Amino acid sequence: MTQRKFTNELEAAIEHGIDVRGRRIFLHGDVGEDSIGTAIRGLYVMSDLSKDPIELFVTSYGGEIDESFALHDVCRTIKVPVHTVALGKCMSAAPLLVAAGEPGERYASENTIFMLHSASIDLGGSVANIASTAKAEKDRCERMDRLLAIYTSMDYRHWAKFSRGDIDHYFDAEQALAWGLIDHIWSEKS
C-alpha cells in the first residue's frame, strides 16, 4: 500500500470514527442521527468485507433513544459479532449499545462511569399531543428496560427503577460487571 493511500484511510478513520482496516468503530459523543448513521454504515461495510468481529467503542453522555435502538438492532442482526467497549462515560442511551454486544465480549475500561435515567421530553402543543408524547417516551423507557434485562443478569424491575423519577443513577464498571451489563473490565495491556 502506498503511503498516500494509507494516509487517506487514516484521515477518513479519524474524521468519521471508522477504522475499516482495524474493524473498529468509535462512537464518541452524542447518540444522534449523524453518529449512529455513520456507525450503522460502518457496520454494514465491514460485515460485507469479512466475517471477523467488529469492535464498537462507546464514549457518550447519551442522546436519542430511538437512535440507540437503531444501532442496537443492526448490531444484533448482522451476521458478524460486535464486540463492545465502554470508555470513560457511557450514559443515558449509550449503555444499551454496550450491553447488546456479543456475549462474553463486552468490556468497559476500569474508570468508566455509567448512568441511566428516565427520558426527558420537551412538552409543547395540544394536551392530547403532550399525553401521546409522554406515553411514547414511557414505552421507549420500558423497551430499554426489557432489553437490558435480556442482556444482563438483572431482571426488568432492577432496570425499571433507573428509568423512573427525576434522578440520574450513576454506577461504575465494577457494578456494571456485577449486574452483567459488561463481561470484563479492561484494565491492563495484554
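Each value, and the rule that gives it
- As a convention, each chain's residues are numbered from 1 in the sequence order in which they are written.
- Only residues with pLDDT of at least 70 get local features here, since the model is predicted, and only at 80 or more are side-chain atom pairs given and counted; chain-wide, interface and lining totals rely on the full set of residues.
- Note: side-chain values were computed over all heavy atoms of the structure, leaving out hydrogens and water.
- Secondary structure is summarised from DSSP: a helix means a run of H or I of at least four residues, a strand means a run of E of at least two, and numbering begins at the N terminus for each.
- Three labels apply to residues, based on accessible area from a 1.4 Å probe with only protein chains included: buried if under 20% of the type maximum, exposed if over 50%, partly exposed otherwise in between.
- Each Phe, Tyr or Trp ring (for Trp, its six-membered ring) is paired with any other whose centre lies within 6.5 Å, and the angle between the two planes then decides the class: stacked below 30 degrees, edge-to-face above 60, tilted in between.
- The pairing criterion is simple: DSSP has to find at least two bridges between the two strands.
- For crossovers, right-handed means that the path from the first strand over the helix to the second runs clockwise, given strands pointing away from the viewer.

Visitor: Explain unusual backbone geometry to me, please; I cannot follow it from the model alone.
Guide: One non-glycine residue, Arg23, lies in the positive phi region at around 55 degrees. With respect to the helices, strands and loops of the structure, Arg23 is situated in the loop between strand 1 (18–19) and strand 2 (24–28). Under the relative-accessibility criterion, Arg23 is labelled buried at 10%. A positive phi angle is found at Ser92, which is not glycine, with a value near 60 degrees. Its location among the elements puts Ser92 in the loop between strand 4 (82–91) and helix 4 (95–99).

Visitor: Honestly, the packing of aromatic side chains in this entry has me stumped. Any pointers?
Guide: Aromatic ring pairs are described here by two measures, namely the spacing of the ring centres and the angle between the planes. Counted under the stated rule, the structure contains 8 aromatic pairs. Relative to Trp186, the ring of Phe57 lies with its centre 6.5 Å away and its plane at 50 degrees, an arrangement referred to as tilted. Note that Phe57 is positioned in strand 3 (residues 54–60) and Trp186 in strand 8 (residues 184–186), a separation of 129 residues in sequence. The class for Trp186 is partly exposed, based on a relative accessible area of 43%. Arranged with centres 5.6 Å apart and planes meeting at 45 degrees, the rings of Phe162 and Trp179 form a pair that is tilted.

Visitor: How do you make sense of the pairing of strand 3 when you look at a structure like this?
Guide: On a regular strand, each side chain points to the face opposite its neighbour's, so the side chains alternate between the two faces of the sheet. Across the 7 residues of strand 3, 6 count as buried, placing the element largely inside the fold. The pairing of strand 2 with strand 3 spans 5 bridges and is classified as parallel. Within strand 3, the position partnered with His28 by the bridge is Thr59. Remark: the strand 2/helix 2 (residues 33–49)/strand 3 crossover connection has right-handed handedness. Summarising the sheet, strand 3 and strand 4 pair through 6 bridges and their orientation is parallel. Bridge assignment links Val58 to a residue of strand 4, and that residue is Ala86. Read as a crossover between parallel neighbours, the route from strand 3 over helix 3 (residues 65–77) to strand 4 is right-handed.

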